[in-house]
Each structure stands twice: as structure tokens, then as C-alpha cells.
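# Structure at a glance
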Amino acid sequence: MRAYAKVAAKKVGVASYLREGVYAIMGGPNYETIAELRLLEKLGCDAVGMSTVHEVITAVHCGMTVFAFSLITNKCIMDYDVEDEANHEEVIETGKERQDVLKDFVSQMVAHIGGKD
Ligand SMILES: O=P(O)(O)O[C@H]1O[C@H](CO)[C@@H](O)[C@H]1O
């Protein structure tokens, strides 16, 4: 499915944004502190979220085959001198901006899984 995701991304015009990497989970509900982000970077993490890992663990426990992907909605601010910080509004806004292309991407993946492409 990871290989097909690259094909699907090309079909919906987002191949240039597609990245594979290490996804870390933090408990939330707050966004990470700068110290936490710096630690995650040192550990080799590329992205961080709060829910996907729990969902994948539960799905695998239930015997499901899982393909997980994330829309990266915000940059992690890792500099104490920068005033900016991750915020929920930015995450929602990016999600809205990308919802149509995400729908197309998921449709491509579902069609592939269902053998209809
Ligand atoms: O980034 P993922 O793992 O989807 O999860 C997180 O995204 C939201 C934070 O903006 C939280 O509600 C949490 O579900």
C-alpha cells in the first residue's frame, strides 16, 4: 500500500509533497514543548501527532491490515527566540485547505484496495 500511495499521490497531484518518515506520538492534549521537539528530533522523528499510533495499535490488535498517513498541518517551532507556536486554528485551517485533495487521495487508495483501479 505504501508503494501504491506514491502512485495515488501522483494521480491527485501531490507527489511533490509526499514524504515517508518516522512518526512519533505524544500524549497531548497540549502541543509539544520546544525541549520535547528537540528530543524527538534527536531520536530521529520526522513528525509528531497525538492519535494515529493509538488507532494503528488498536486496528492491528483487531487483526486489520493498516495503511496510515498524515496531513502535516503545521511546522514544529523549535527555537526559543521565535514568538510563533503551534496552534489549533492553524491545524484546522490547513485541514480545510487540503480536504479536497485528501478526499481524492483516500478515494484512490480505497479504489486500489477494492481492486477497482
Ligand atoms: O496528529 P494526529 O495523530 O492525527 O492527532 C492529533 O491531532 C489533533 C491535534 O491537532 C489531536 O486531536 C490529535 O488527535
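Keep in mind that what you see is a predicted model, and the values were worked out from it rather than measured.

### Things to note about the overall build of the chain
Each helix and strand counted, the chain has four helices and two strands in total. Tracing the chain from N to C terminus, the helices and strands come up as α-β-α-β-α-α. Each of the three principal axes of the chain carries a C-alpha extent, and together these read 50 × 35 × 25 Å. Within the span of the chain, comprising 117 residues, buried residues form 18% of the whole. Here the analysis covers contacts within the chain between residues at least 6 apart in sequence; of these, 61% occur between residues at least 24 apart.

### A look at the site of the ligand
Taken together, Tyr23, Tyr31, Gly49, Met50, Ser51, Thr52 and Val91 form the complete shell of residues around the ligand. A distance of 3.0 Å separates an oxygen atom of the ligand from a polar backbone atom of Met50. Between the ligand and the protein, one listed contact pairs an oxygen atom with a backbone N or O atom of Ser51 at 2.7 Å. In the complex, 59% of the free accessible area of the ligand, which totals 360 Å², lies under the protein chains. Assessed atom by atom at 2 Å from the grid points, the ligand resides in the largest pocket. Grouping the amino acids of the shell around the ligand by side-chain chemistry returns four nonpolar, three polar and no charged.

### Regarding the UniProt feature "domain: Nucleoside phosphorylase" (unreviewed entry) in the chain
UniProt tags residues 2-110 as "domain: Nucleoside phosphorylase" (unreviewed entry). Within residues 2-110, the helical portion is 48% and the strand portion 6%, while the C-alpha atoms at the span's ends are 13 Å from each other.

### Here's the deal with the side chain of Thr52
Residue placement: Thr52 occurs in helix α3 (residues 52-61). Contact partners of Thr52, with chain neighbours within four places excluded, come to Tyr23, Ala68 and Ser70.

### Some remarks on the layout of surface pockets
If you roll a probe as big as a water molecule over the atoms, it shows you where there is empty space left. Space inside the largest pocket adds up to approximately 1,800 Å³. Contributing to the lining of the largest pocket are 45 residues, with Tyr23, Ala47, Ser70, Leu71 and Ile72 lying nearest its centre. Of all the secondary-structure elements, those providing two or more residues to the lining of the largest pocket are α1 (2-11), α2 (34-42), β2 (47-49), α3 and α4 (88-113). Sort the elements by how many residues they give to the lining of the largest pocket and α4 lands first, with six residues. Here the residues of the lining of the largest pocket are counted per class, giving 28 nonpolar, eight polar and nine charged. Here the second largest pocket defines a volume of roughly 200 Å³. Lining of the second largest pocket is provided by 14 residues; of these, Tyr31, Glu32, Ile77, Glu85 and Ala86 occupy positions nearest its centre. The residue inventory of the lining of the second largest pocket, partitioned by class, reads seven nonpolar, two polar and five charged.

Conventions and cut-offs
Residues numbered from 1 in each chain as written. Predicted model: local features only at pLDDT ≥ 70, side-chain atom pairs only at ≥ 80, totals over all residues. Heavy atoms only, no water. Helix = DSSP H or I, 4+ residues; strand = E, 2+ residues; numbered from the N terminus. Buried < 20%, exposed > 50% of the residue type's maximum accessible area, 1.4 Å probe, protein only. Contact = heavy atoms within 4.5 Å. Near = heavy atom within 4 Å. Polar contact = N/O pair within 3.5 Å; in protein donor to acceptor, adjacent residues only side chain to side chain. Areas by Shrake-Rupley, 256 points an atom, 1.4 Å probe, with all protein chains shown as cover. 1 Å grid on protein atoms, 1.4 Å probe; cavity = no way out; pocket = protein on both sides within 12 Å on 5 of 7 lines; lining within 4 Å. Sits in = over half its atoms within 2 Å of the grid points. Nonpolar A, V, L, I, M, F, W, Y, C, P; charged D, E, K, R; others polar. UniProt positions renumbered as here; feature names shortened; annotations may be inferred. Points joined across faces, edges and corners; volume = space filled by probe spheres on them.

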